[in-house]
Amino acid sequence: VKFPAFEKDAGKSGTVYVTFTVEKDGSITNVRETKGVAGAPGFTREAIRVIKAMPPWKPGLMNGHPVRIDMTQPVRFVLK
């Protein structure tokens, strides 16, 4: 995760919630922001970029068979 330059210069921090679907084959689709940080669009862009770049996940299982599942992942941006 790379801290966006504009938000860093502005001293912003916060958490972006990203929702996505883990498909039956483990691929990630339908990546979208659920809740962002006001005035910090760079956080949303970076959080979505990171989720899309993830390797395949293990899919959800129901009765021993893989199923699609929606997930929500928080991505925190904190200045030290």
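Higher on the page you've got the structure.
One structure accompanies this document, and this report is about it. Remember, predicted model here, so these are calculated numbers, not experimental data. (Residues numbered from 1 in each chain as written. Predicted model: local features only at pLDDT ≥ 70, side-chain atom pairs only at ≥ 80, totals over all residues. Heavy atoms only, no water.)

Regarding the overall build of the chain
Secondary structure summary: the chain contains two helices and five strands in total. Beginning at the N terminus, the succession of helices and strands in the chain can be written as α-β-β-α-β-β-β. When its C-alpha atoms are laid out on the principal axes, the chain stretches across 50 × 20 × 20 Å. Relative to its full complement of 80 residues, the chain shows a buried share of 31%. Residue pairs at least 24 apart in sequence account for 65% of intrachain contacts in the chain once pairs closer than 6 positions are excluded. (Helix = DSSP H or I, 4+ residues; strand = E, 2+ residues; numbered from the N terminus. Buried < 20%, exposed > 50% of the residue type's maximum accessible area, 1.4 Å probe, protein only. Contact = heavy atoms within 4.5 Å.)

Section: the pattern of salt bridges
As enumerated under the stated definition, the model contains two salt bridges in all. The residue Arg68 makes a salt bridge to Glu23 at a minimum N-O spacing of 2.7 Å. Within this pair, whereas Arg68 is found in the loop between β4 (65-67) and β5 (69-77), its partner Glu23 is found in the loop between β1 (14-22) and β2 (28-35), the two being separated by 45 residues in sequence. For Arg68, a relative accessible area of 48% corresponds to the partly exposed category. Take Glu23: its relative accessible area is 17%, and that puts it in the buried class. Across the pair Arg49 and Glu46 runs a salt bridge, and its minimum N-O distance is 2.7 Å. On the criterion of helical spacing, the pair formed by Arg49 and Glu46 is a turn pair, its members being three residues apart in helix α2 (residues 41-52). (Salt bridge = Lys/Arg side-chain N within 4 Å of Asp/Glu carboxyl O.)

Focus: the sheet that holds β2
The sheet built from three strands is open, its strands ordered β2-β1-β5 with antiparallel pairing. The open sheet is flanked by β2 and β5, the only strands paired with a single partner. Across this sheet, the average inter-strand angle for adjacent strands is 25°, counted without regard to direction. Bridge count for β1 against β5 is nine bridges, and the pairing is antiparallel. When the sheet's bridge partners are listed, Thr15 is paired in β5 with Arg76. Strands β1, β2 and β5 of the sheet are contacted by α2, whose axis makes an angle of about 35° with β1. (Pairing = 2+ DSSP bridges. Axes fitted to C-alpha atoms, helices over the stretch in contact; angles between N-to-C directions.)

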